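# Observations on chain architecture
The chain contents come next:
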Amino acid sequence: MKFFAINGSPRKNCNTAQLLDKSLEGIKSVFPDASTERIDLYDFPFHGCRSCFACKRVNGKHYGRCVQKDDLKPILDKVVQADGVILGSPIYFSDVTGNMRCFEERFMFPFVAYSKTETVDHKKMPLACIYTMNASEEISYQIGYHDLHDHFEMGLSMVFSKPEHLYVYETYQFKDYSRYVSDAFDEKERKLLRETQFPKDLENAFDLGRKIAIRAKQHD
Ligand SMILES: Cc1cc2nc3c(=O)[nH]c(=O)nc-3n(C[C@H](O)[C@H](O)[C@H](O)COP(=O)(O)O)c2cc1C
């Protein structure tokens, strides 16, 4: 079986990446022989959907597939065949990162049939989304982040399956807060959360991976 974690953070060793790695460990705890891979979306150049509609041409040879030839193409070809996918993104200005949104467009759009009767045949694998942010849980609800994330997940639910999700709040953003203008944050409090809450977040990410693996088993 094959599972992918898609990292929408430009940072390859920080909050989102660590949580995604844990979720893959969770998958491995269910399927020790499964192949797992993390894809870092900031490692290569790519664009979102270019609205070429090759994926929707009548009798088109690329019907139901993204025709854009770039570094994302071979990755997309693998990911759409996966048994489970975990998408992780930091919150940037109240949304997922730009690269994650571009990935989502290319991941979903070829499978959206512009038809009342026809559908595009494709794999409907279980999905999970991990969101990391500076905001506290309370503020995140006040600002309405959860509604926005529901929005991000709406298309995924329609095309693939309703994602599981994990929200991780008040993340530790810098190795050394004293080197940055950052007095909006209480470094001591953040450090304490890093030591006490983040290990629990990692456990939750592990459990999320297990859930996806179990869903994949039922799906098989
Ligand atoms: C450009 C930018 C915009 C951000 N916007 C928000 C935001 O709107 N709300 C929030 O809670 N955190 C925001 N953050 C903080 C990140 O979401 C948070 O630090 C996240 O955990 C970083 O993930 P990473 O460590 O995996 O890179 C922003 C960070 C950056 C760099």
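Residues numbered from 1 in each chain as written. Predicted model: local features only at pLDDT ≥ 70, side-chain atom pairs only at ≥ 80, totals over all residues. Heavy atoms only, no water.

## Description of the pattern of salt bridges
- Counting across every chain of the model gives 11 salt bridges.
- A salt bridge links Asp-21 to Arg-38; the nearest nitrogen and oxygen atoms lie 3.0 Å apart. In this pair, Asp-21 sits in helix α1 (residues 15-30) while Arg-38 sits in strand β2 (residues 35-40), placing the two residues 17 residues apart along the sequence.
- Residues Lys-22 and Glu-25 are paired through a salt bridge, measuring 2.9 Å at the closest nitrogen-oxygen approach. Highlighted residues: Lys-22 and Glu-25, both in helix α1, separated by three residues, approximately one helical turn.
- Judged by its relative accessible area of 27%, Lys-22 falls in the partly exposed class.
- Overall, the relative accessible area of 39% leaves Glu-25 in the partly exposed class.
- Look at the salt bridges and you will find they share partners, linking Asp-21, Arg-38 and Asp-40 into a network. (Salt bridge = Lys/Arg side-chain N within 4 Å of Asp/Glu carboxyl O. Helix = DSSP H or I, 4+ residues; strand = E, 2+ residues; numbered from the N terminus. Buried < 20%, exposed > 50% of the residue type's maximum accessible area, 1.4 Å probe, protein only.)

## Overview of empty space enclosed by the protein
- A complete count under the given rule lists two cavities of 30 Å³ or more for this structure.
- Approximately 90 Å³ is the volume found for the largest cavity.
- Lining the largest cavity are 15 residues, and of these Cys-49, Cys-52, Cys-55, Cys-66 and Phe-109 sit closest to its centre.
- Split into classes, the residues belonging to the lining of the largest cavity amount to nine nonpolar, two polar and four charged.
- Taken together, Asn-15, Tyr-169, Glu-170, Thr-171, Tyr-172, Arg-190, Leu-193, Arg-194, Gln-197, Phe-198 and Asp-201 make up the full set of residues lining the second largest cavity.
- Sorting the residues of the lining of the second largest cavity by element identifies α6 (187-196) and α7 (198-219) as the ones contributing at least two each.
- With three residues, the single largest contributor to the lining of the second largest cavity is α6.
- Here the lining of the second largest cavity is built from residues that sort into four nonpolar, three polar and four charged. (1 Å grid on protein atoms, 1.4 Å probe; cavity = no way out; pocket = protein on both sides within 12 Å on 5 of 7 lines; lining within 4 Å. Points joined across faces, edges and corners; volume = space filled by probe spheres on them. Nonpolar A, V, L, I, M, F, W, Y, C, P; charged D, E, K, R; others polar.)

## Brief notes about the site of the ligand
- The immediate surroundings of the ligand are formed by 17 residues, with Ser-9, Arg-11, Thr-16, Ile-91 and Thr-171 found nearest.
- Taking Thr-16, its side chain carries an N or O atom lying 2.6 Å from an oxygen atom of the ligand.
- At 2.8 Å from a nitrogen atom of the ligand is found a side-chain nitrogen or oxygen belonging to Tyr-145.
- Protein coverage of the free-state accessible area of the ligand, which is 650 Å², stands at 82%.
- Spatially, the ligand is embedded in the largest pocket.
- Considered class by class, the residues forming the shell around the ligand number eight nonpolar, eight polar and one charged. (Near = heavy atom within 4 Å. Polar contact = N/O pair within 3.5 Å; in protein donor to acceptor, adjacent residues only side chain to side chain. Areas by Shrake-Rupley, 256 points an atom, 1.4 Å probe, with all protein chains shown as cover. Sits in = over half its atoms within 2 Å of the grid points.)

## Things to note about the side chain of Ser-136
- Note on placement: Ser-136 falls in the loop between β4 (127-132) and α4 (137-143).
- In this structure the side chain of Ser-136 is engaged in a polar contact, spanning 3.2 Å, whose partner is the backbone nitrogen of Ile-139.
- Discounting chain neighbours no more than four positions away, the residues touching Ser-136 are Tyr-169 and Glu-170. (Contact = heavy atoms within 4.5 Å.)

## Some details on the environment of Glu-104
- Mapping Glu-104 onto the fold places it in helix α3 (residues 98-108).
- Residues Glu-104 and Phe-152, spaced 48 residues apart in sequence, show a C-alpha to C-alpha distance of 8.6 Å.
- Here Arg-101 takes part through its side chain, which lies 2.5 Å from a polar atom of the side chain of Glu-104.

## Description of the environment of Cys-66
- Tracing the backbone shows Cys-66 in the loop between β2 and α2 (72-79).
- Its relative accessible area of 16% is what places Cys-66 among the buried residues.
- Cys-66 sits 11 residues away from Asp-77 along the chain, and the two C-alpha atoms are 8.9 Å apart.
- Those residues in contact with Cys-66, other than ones at most four positions away along the chain, are Lys-73, Leu-76, Arg-106 and Pro-110.

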